[in-house]
Amino acid sequence: MPNDMNIERSRAGQQAQTVRVKPKWHMTVLHIVYYLIMICFLIFYMLPFWGTVMTSFKTNSEVMTTTPITPPTQWTLEGYASAMEELGVPLLTSLFVTLFGAAGSVFLGSICAYALSKWKFKFNNVFFIALVAATYLPFQAILIPLLQTISALDLYDNIWGLVLVHTVFGMPMCTVMMRGYYADIPDALIRQAMIDGNGMWAIYRKIVLPNTMIATITVFVFQCTSIWNEMLFALVLGGYDSKPATIALNELAGTMAAEFNVQMAGSLILALPVLVLYIFMGKYLISGQMSGAVTAS
Amino acid sequence: MASITIKDMSVSYNKGKSFVLDNLSLDIKNGEFCVFLGPSGCGKSTAMHCIAGLLHPMSGEIRFGEEVMTSANRKGRDKTFVPPQERNIAMVFQEYALYPNMTVRENMSFALKTKKVAKEEIAKRVDYMAKMLSIEQLMDRRPAELSGGQRQRVALGRALVRDPQVFLLDEPLGNLDAKLRDQVRYELKKIQEQLGITTIYVTHDQTEAMTMADHIVLLKDGHIMQQGTPEEMYDHPANEFVAGFLGTPQINIFFCEVKGNILDAGSFKLNIPEHLRTCLVPYAGKKINLGIRPSDLELAKDKMDVIKGHVESIEPLGDAYLIYVRVGEQIVVFKYTGEHAPKEKELLLTPNMAKLHLFDALTEKRINR
Ligand SMILES: Nc1ncnc2c1ncn2[C@@H]1O[C@H](COP(=O)(O)OP(=O)(O)O)[C@@H](O)[C@H]1O
Ligand SMILES: [Mg+2]
């Protein structure tokens, strides 16, 4: 008898799990409305991008005669070729400045963040507050003294001048971001490494860096994007020979007023690296690296 | 290998407003297995971190052998301070602290690699210790893939492969299940005896302390309550706290009055035995606390010095019975080692007169020697 009851009960349980509630009619309507709204937004956001892509593949004469959103009747890479002529060198400049600037600021920021999050020293809070304040500094406010300093250093119109400026101004943001990641490293781990015979820098190299690789990559990607897209320093300090791609693109728009296909191709070329970076790095931007280190996790 | 001397060490986490350890002085002999025992929060880990050099005491001195490791004056400034990485200690943290980016083997080899020990030597030691702790099949896993007990054994192994001056173990068996704990406890004690390395072992578990220690230091609120061998502390607890902390089940405490040659607990009276009379002279007519361990009670054979009680419940332990007896208002535990549990509801118990513990009612200090 009790056995039967068990069977009965488990059957009821199974049914309860598999039964689907049939949606009420007004819920269905509501869902349709939601989807319509979302599709409208999607079109609204994607239309300019669509127009850009379509225009970039048209010939110059077709740009004149059709609306931007109609697909080209004759697909061509003409626009890209012309854009690359103008943007080739600036793109290399941008790449160089971005890689070195991001690497420099991430490296310095990482060391600062390590010291600030894992070691106590005099005035450490003052340092940190100063760094946070620096991230809020409007760059326009210091543009003129900065230009003077860079000129005095003979780094105007020089790639290294841009690298230096991006390293210095990126550093506070990197520090603030990485301090958050480093704070998640359990103190016991640092202590254990000390007991195991390592000094401050050995711990940084052997424990902190390997365990926060993903954080470092994240911050590096972030820095790369912002330096790649940056215009203000590029415009003021770049001069003519070391002109980054953002400025070159802007000049493209200014000088060749009618050649929309070239401009659009240039925009896409400039946007492509950042897009690719985000698509491929997306999966790394997850946490959970420290699991297994200490009791609580 | 070294002895450890701590002199007048005070530690504060808030710049001297309150002290977690207050004027602690301690001598640990070379090769000794010393256990810091005490309730949670009494400052055991703090003391250990000071010895490791992870914490700076406000004042006091720590020496390994003749060498001064930490020495601070009253103002909290260090006169001498050897950083932890130069102290040559091995430590197991309460929270294990395994390196998540390394496999078990890499974790265990890490300290030796840092010290630039030869590769073959490292492999030999790591393999030996892995076998001792039965974690050989885990060597290529990472900490995240281990259970709590396995992590703890890895942490222990990582410390034991070293050849340090001092082992510091902070509750290293806390997360093992009972069976494994007994086994690892035995292995650990054996390894320590073999290596002969001075060891400090922190625990709140009195059984661990009693079974492993050469020397127990019992702490409470940052003060040493008593230190000595397990036997000394069990047989001659210096105060009521020590008596209550060591031994399971806990010692029974009765509030008594000394009336001439009689100890009057209200619900029963005992004749004061010959050897206790002199020390009780100053307490004539006053209150004292009488401690009797559950194993020092037995069924009475005659009517002399009996404690009469009503059986409340019986817990069989396998080889003995714990009998909970109501005496007056109080529940008394009695450990009965006979074959069968007594059937009567009313029991007459008599204490082993040689093993009575007498404490001052006010100071809780021990009266008899
Ligand atoms: N980092 C800290 N900051 C402030 N107080 C602390 C810190 N660590 C421990 N304490 C306090 O010091 C006391 C002793 O702690 P601890 O040595 O960890 O005790 P135990 O290891 O004996 O359980 C506790 O009251 C605890 O709250
Ligand atoms: Mg502790």
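All values derive from a computational prediction rather than experimental measurement. (Residues numbered from 1 in each chain as written. Chains lettered and ligands numbered in written order. Predicted model: local features only at pLDDT ≥ 70, side-chain atom pairs only at ≥ 80, totals over all residues. Heavy atoms only, no water.)

*Asks:* I'd love a proper account of the overall build of chain A, names of residues and values included.
*Replies:* The helix and strand inventory of chain A stands at 13 helices and 0 strands. Each helix (α) and strand (β) of chain A, taken in turn from the N terminus, gives the series α-α-α-α-α-α-α-α-α-α-α-α-α. When each of the 297 residues of chain A is scored for burial, the buried share is 37%. Across chain A, the fraction of contacts at a sequence separation of at least 24, relative to all contacts at a separation of at least 6, is 73%. (Helix = DSSP H or I, 4+ residues; strand = E, 2+ residues; numbered from the N terminus. Buried < 20%, exposed > 50% of the residue type's maximum accessible area, 1.4 Å probe, protein only. Contact = heavy atoms within 4.5 Å.)

*Asks:* Describe the domain arrangement of chain A, naming the residues involved and giving the relevant values.
*Replies:* Residue and element names in this part refer to chain A. When its domains are assigned, chain A resolves into domain 1 (2–65) and domain 2 (78–291). Contact residues are listed per partner, giving 11 residues for domain 1 and 10 residues for domain 2. Together, the buried faces of domain 1 and domain 2 total about 860 Å²; carbon and sulfur atoms form 70% of this surface. Of all residues in domain 1, Thr-52, Ser-56 and Asn-60 give up the largest surface area on contact with domain 2, accounting jointly for 50% of the area buried on that side. At the boundary of domain 1 and domain 2, one finds 0 salt bridges. Between the two partners, domain 1 and domain 2, sit 1 residue pair in polar contact (both at pLDDT 80 or more). Residue assignment for the side of domain 1 that touches domain 2 shows that the elements contributing at least two residues are helix H2 (25–56) and helix H3 (60–65). The element best represented in the side of domain 1 that touches domain 2 is H2, accounting for 5 residues. Across the side of domain 1 that touches domain 2, the residue classes break down as 5 nonpolar, 5 polar and 1 charged. (Domains from an automatic or database assignment. Buried area = accessible area lost by both parts, 1.4 Å probe. Salt bridge = Lys/Arg side-chain N within 4 Å of Asp/Glu carboxyl O. Polar contact = N/O pair within 3.5 Å; in protein donor to acceptor, adjacent residues only side chain to side chain. Nonpolar A, V, L, I, M, F, W, Y, C, P; charged D, E, K, R; others polar.)

*Asks:* Give a detailed account of the interface of chain B and chain A, specifying residues and quantitative values.
*Replies:* At the interface, 27 residues of chain B touch 23 residues of chain A. Of all residues in chain B, the largest losses of buried area upon contact with chain A belong to Gln85(B), Tyr99(B) and Pro100(B), amounting jointly to 25% of the total for that side. If you look at where chain B meets chain A, you find 1 salt bridge. Of the charged contacts, one joins Arg162(B) and Asp196(A) as a salt bridge, the two residues approaching to 3.3 Å between their closest N and O atoms. Connecting chain B to chain A are 6 residue pairs in polar contact (both at pLDDT 80 or more). Looking at the side of chain B that touches chain A, the elements that each hand over two or more residues are helix H1 (44–52), strand S7 (89–92), helix H2 (104–114) and helix H4 (148–160) of chain B. Among the residues forming the side of chain B that touches chain A, the class breakdown is 17 nonpolar, 6 polar and 4 charged.

*Asks:* How would you summarise helix H5 (residues 178–195) of chain B if you had to cite specific residues and measurements?
*Replies:* Residues and elements named next belong to chain B. Here H5 spans 26 Å end to end across 18 residues, near enough to the 26 Å set by a 1.5 Å rise per residue. Those residues of H5 lying buried are Leu-180, Val-184, Arg-185, Glu-187, Leu-188, Lys-189, Ile-191 and Gln-192. Taken from the residues just after H5, Gly-196 is the one with a positive phi, measuring 65°. (Expected span 1.5 Å × (residues − 1).)

*Asks:* Account for the layout of surface pockets, with residues named and values stated.
*Replies:* In this approach, a probe sized like a water molecule rolls over the atoms, and the result shows the empty space that is left. In this structure, the largest pocket occupies an estimated 1500 Å³ of space. Around the largest pocket, the lining comprises 32 residues; the ones closest to its centre are Lys120(A), Phe121(A), Leu54(B), Leu55(B) and His56(B). Of all the elements in the fold, those that place two or more residues in the lining of the largest pocket are helix H4 (78–118) and helix H8 (187–195) of chain A together with H1 of chain B. The biggest single contributor to the lining of the largest pocket is H8(A), with 4 residues. Residue composition of the lining of the largest pocket, grouped by class: 13 nonpolar, 11 polar and 8 charged. Of the volumes computed, that of the second largest pocket is approximately 250 Å³. Around the second largest pocket sit 13 residues that line it, and Phe139(A), Phe169(A), Gly170(A), Gln223(A) and Ser226(A) are the ones nearest its centre. Elements with a minimum of two residues in the lining of the second largest pocket: helix H5 (124–135), helix H7 (159–183) and helix H10 (213–229) of chain A. Tallied by class, residues from the lining of the second largest pocket come to 7 nonpolar, 5 polar and 1 charged. (1 Å grid on protein atoms, 1.4 Å probe; cavity = no way out; pocket = protein on both sides within 12 Å on 5 of 7 lines; lining within 4 Å. Points joined across faces, edges and corners; volume = space filled by probe spheres on them.)

*Asks:* Can you lay out the coordination of the magnesium ion (ligand 2) for me, pointing to particular residues and giving the numbers?
*Replies:* Each angle at a metal carrying four tetrahedral donors should ideally be 109.5 degrees, and each at a metal carrying six octahedral donors should ideally be 90 or 180 degrees. All names here are of chain B. Within the first shell, the magnesium ion (ligand 2) binds the protein through Ser-45 (OG) and Gln-94 (OE1), at distances of 2.1 to 2.5 Å. In this pair, Ser-45 is assigned in helix H1 and Gln-94 in the loop between S7 and H2, connecting sequence segments 49 residues apart. Residue class for Ser-45 comes out partly exposed when judged on its relative accessible area of 21%. Overall, Gln-94 belongs to the partly exposed group, its relative accessible area being 35%. (Donors = N, O, S within 2.8 Å, 3.2 Å for Na, K, Ca; no water.)

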